Amino acid sequence: MKHERIYLNESDERVFIDTYIANHASARPAILVIPGGGYAKVCTDREGEPIALEFFAKGYNAFVLNYRVGTKSDVYPAQLLDAASAMIYIREHADEFSIDASRVFAVGFSAGGHLCGSLATMYAYPEVKAAFGDKYMLVKPTGAILSYPVTVANEYAHAGTFRNLLDK
């Protein structure tokens, strides 16, 4: 297995993907794993590497996203742009990673589930188009799994998570 860290943002070393890629494999589907952490931290120990390894064992090349959180400048849509840059990177390097570029999925947990849902539905968001131009079409995952995503839509909303996301 090829395991390496790839930095996605030259101006912020917190934005990267860790790879879990099969050696000498024919084209495999890929999955971007987006851990949660209430938009205050990124919980890769529970919702990152263990998930990537499970998907890897099932025939996927996996990538775990670390995205911007924890400071006043880390408000939305910074996290969406980080996830978008990961999807673009994965698709643009599909040949190098032996990935079927038409089968790049995303899974997210808690706040990562919210971010995964945003990635799947807001890929054409004006800020995404402004940041990536015509590459915005590479952002939309083939499919998305939202695992206990946080929400603001009902009495079960996690207000602290959205304060972290929107206004620090």
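Everything below is about the structure shown above.
About the thresholds
Residues numbered from 1 in each chain as written. Predicted model: local features only at pLDDT ≥ 70, side-chain atom pairs only at ≥ 80, totals over all residues. Heavy atoms only, no water. Helix = DSSP H or I, 4+ residues; strand = E, 2+ residues; numbered from the N terminus. Buried < 20%, exposed > 50% of the residue type's maximum accessible area, 1.4 Å probe, protein only. Contact = heavy atoms within 4.5 Å. Areas by Shrake-Rupley, 256 points an atom, 1.4 Å probe, with all protein chains shown as cover. Salt bridge = Lys/Arg side-chain N within 4 Å of Asp/Glu carboxyl O. Pairing = 2+ DSSP bridges.

Along its length, the protein carries six helices and six strands. The order of helices and strands in the protein, counted from the N terminus, is β-β-β-α-α-β-α-β-α-α-β-α. For the protein, with 168 residues in total, the buried portion stands at 51%. Of the contacts formed within the protein by residues at least 6 apart in sequence, a portion of 73% connects residues at least 24 apart. On the protein, roughly 8,100 Å² of surface is accessible, and the fraction owed to carbon and sulfur atoms is 52%.

Turning our eyes to something else, we now look at the pattern of salt bridges. If you walk through the whole model with that rule in mind, you get six salt bridges. As a salt-bridge pair, Arg68 and Asp82 come within 2.8 Å of each other at their nearest N and O atoms. With a gap of 14 residues between them, Arg68 in the loop between strand E4 (61-66) and helix H3 (78-92) and Asp82 in helix H3 connect regions that are remote in the sequence. The class for Asp82 is buried, based on a relative accessible area of 2%. By sharing partners, the salt bridges in this structure join Asp12, Arg14 and Asp74 into a single network.

In terms of burial, helix H4 (residues 111-121) is largely enclosed, as nine of its eleven residues are buried. For H4, every residue scored as buried is listed here: Ala111, Gly112, Gly113, His114, Leu115, Cys116, Gly117, Ser118 and Leu119.

In terms of burial, strand E3 (residues 28-34) is a largely internal element, seven of the seven residues being buried. With six bridges connecting them, E3 and strand E5 (residues 99-109) associate as parallel partners. By the bridge assignment for E5, Val33 is matched with Val107. Alignment of E3 against E4, held across four bridges, turns out to be parallel. Looking at the pairing, Ile31 lines up with Ala62 of E4.

To continue, consider unusual backbone geometry. Omega for the peptide link from Tyr76 to Pro77 comes to 15°, which places this bond in the cis form. With respect to the secondary-structure elements, Pro77 resides in the loop between E4 and H3. Positive phi values are uncommon outside glycine, yet Tyr39 reaches one of about 55°. Counting through the fold element by element, Tyr39 comes out in the loop between E3 and helix H1 (44-47). Taking the relative accessible area as the measure of exposure, Tyr39 reaches 0% and is therefore buried. Of note, the phi angle at Ser98 is positive, near 55°, even though the residue is not glycine. Relative to the helices and strands, Ser98 resides in the loop between H3 and E5.

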